[in-house]
Amino acid sequence: MKSEKRVGVFLFVTVGILALSFVAAAQEKKPQLYFVEDYLVKPSMVAQFEGALKEAYNTIFTPNAWPWSIETYSTEDFHYYLLYRFENMADIDKAFAAFAEILGKIGVEKWDILNGKMGDATEYYKQGTVTLSPELSYSPETPRLKPEEAKLVYWGFCYVLPGREKEFEAQLKKIVALHYAKKVLQGFNGWIGGLGTDLPLYFYSETAKSGADLFLASEEAMKLIDPEATRIWNSMLALMRKFESKMGSFRPDLSYAPAPKVK
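This is a predicted model, so every value here is computed, not measured.

(A) Up close: helix 4 (residues 165-182). In this model, helix 4 (18 residues) spans 26 Å end to end at C-alpha, consistent with the 26 Å of a helix rising 1.5 Å per residue. For helix 4, the set of buried residues is Phe-168, Glu-169, Gln-171, Leu-172, Ile-175, Val-176, Leu-178 and His-179. Where helix 4 ends, the next residue or the one after it, Lys-183, has phi of about 55 degrees, a positive value.

See below:
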């Protein structure tokens, strides 16, 4: 959801975040947990960062059958979000233990070299968790875009006043219900910030072919849902301490998918 008049069509992270996408499917039957790494990369060293990340996949993760997928997103302000999809917090502990086991096999020195290349190219990095919430998301019966057409991701970050989370969620659910009632073509994902984020945090993500396509889709949506959407958005603004937005894209070239399990 953009501020201004882009009040009805949700977009995030992420996720966002960081997925950061953050563009994971909103058809999930239950909330989906993600562990997120957020790297702010120096503009002059983008090539080095991306090269080191690809090298890590090719020489460490793939040969050692790392079992969890990694979805990568980059934004216009040089943030790179790596999203690891997990079932629960216990899975995150398992992943750290699995990585330590891999380092024991290959030798810490090999990782230190790659980590150094990424570190030299990075201003800082952060880690945290986010949750994709089906009840705060909207999925049209027929998606407007094919997966390969979704080139752009827009994220809207809503930093909510402490203690007002339930009120904010209630307004957000009204936006979801309004979209379902009006059968809006453009879908969106709703996310909740977790450990390591600036709490309370809610964000949303939406995909489009381009910036122009995004605003055209918004204009069509507003014809259906305004003025009610504007009224709800103003109620949401009254519950926020800060709002930020970003644009970026999913980076399949910088993502990792484990090999299918043999049955």
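(B) Examining the pairing of strand 2 (residues 70-75) more closely. A large share of strand 2 lies buried, amounting to 6 of its 6 residues. Because side chains alternate across strand 2, one face comprises the buried residues Ile-70, Thr-72 and Ser-74, and the other comprises Glu-71, Tyr-73 and Thr-75, equally buried. Judged from the 5 bridges that link them, strand 2 and strand 3 (residues 79-86) form a sheet pairing that is antiparallel. Considered in strand 3, the bridge of Thr-72 is made with Leu-82. The hairpin turn running from strand 2 into strand 3, its antiparallel successor, is 3 residues long, and Phe-78 in that turn takes a positive phi close to 70 degrees. Relative to strand 8 (residues 240-250), strand 2 is paired through 3 bridges, and the arrangement is antiparallel. Among the inter-strand pairings, Ser-74 is bridged to a residue of strand 8, identified as Ser-249.

(C) Spatial organisation of the packing of helix 1 (residues 46-61) against helix 3 (residues 108-120). The contact between helix 1 and helix 3 brings their axes to 8 Å, and the two run at 160 degrees. With respect to each other, helix 1 and helix 3 are oriented roughly antiparallel. Crossing handedness for the pair helix 1 and helix 3: left-handed. Contacts between helix 1 and helix 3 involve Gln-48, Phe-49, Ala-52, Leu-53, Glu-55, Ala-56, Thr-59 and Ile-60 on the former and, on the latter, Lys-110, Trp-111, Leu-114, Lys-117, Met-118 and Asp-120. The residue inventory of the contact of helix 1 with helix 3, partitioned by class, reads 8 nonpolar, 2 polar and 4 charged.

(D) Just the pattern of salt bridges, in detail. For the structure on display, the rule yields 14 salt bridges. We note a salt bridge from Asp-213 to Arg-144, for which the minimum N-O separation is 2.8 Å. With Asp-213 in helix 5 (residues 211-225) and Arg-144 in the loop between strand 4 (122-138) and strand 5 (152-160), the pair connects residues that are 69 residues apart, well separated along the chain. Taking the relative accessible area as the measure of exposure, Arg-144 reaches 27% and is therefore partly exposed. Between Glu-220 and Lys-223 there is a salt bridge, with its nearest N and O atoms 3.1 Å apart.

(E) Structural detail: the packing of helix 4 against helix 6 (residues 228-237). Put simply, helix 4 and helix 6 touch, their axes get as near as 9 Å, and they point 165 degrees apart. Taken together, helix 4 and helix 6 sit at an angle that is classed as roughly antiparallel. As helix 4 packs across helix 6, the resulting crossing turns out to be left-handed. Counting all contacts with helix 4, which are made through Phe-168, Gln-171, Leu-172, Lys-174, Ile-175 and Leu-178, the residues of helix 6 involved are Glu-228, Ala-229, Ile-232, Ser-235 and Met-236.

(F) Quick look at the nonpolar core. Formed by 30 residues in total, the largest nonpolar core has its most connected members in Phe-49, Phe-61, Trp-66, Ile-70 and Phe-86. Looking at this core, the elements that each hand over two or more residues are strand 1 (32-41), helix 1, strand 3, helix 2 (89-106) and helix 3. For this core, the element with the highest residue contribution is helix 1, accounting for 8 residues. If we skip the residues at most four places from it in the chain, Phe-61 touches Ala-56, Trp-66, Ile-70, Phe-99 and Tyr-256. Tyr-138, Phe-168, Ile-232 and Leu-239 belong to the second largest nonpolar core, which has 22 residues in total.

Basis of the calculations
- Residues numbered from 1 in each chain as written.
- Predicted model: local features only at pLDDT ≥ 70, side-chain atom pairs only at ≥ 80, totals over all residues.
- Heavy atoms only, no water.
- Helix = DSSP H or I, 4+ residues; strand = E, 2+ residues; numbered from the N terminus.
- Expected span 1.5 Å × (residues − 1).
- Buried < 20%, exposed > 50% of the residue type's maximum accessible area, 1.4 Å probe, protein only.
- Pairing = 2+ DSSP bridges.
- Axes fitted to C-alpha atoms, helices over the stretch in contact; angles between N-to-C directions.
- Parallel < 35°, antiparallel > 145°, perpendicular 65-115°, else oblique.
- Left-handed = near helix turned anticlockwise from the far one by under 90°.
- Contact = heavy atoms within 4.5 Å.
- Nonpolar A, V, L, I, M, F, W, Y, C, P; charged D, E, K, R; others polar.
- Salt bridge = Lys/Arg side-chain N within 4 Å of Asp/Glu carboxyl O.
- Core = buried A, V, L, I, M, F, W, Y, C linked by side-chain atoms within 4.5 Å.

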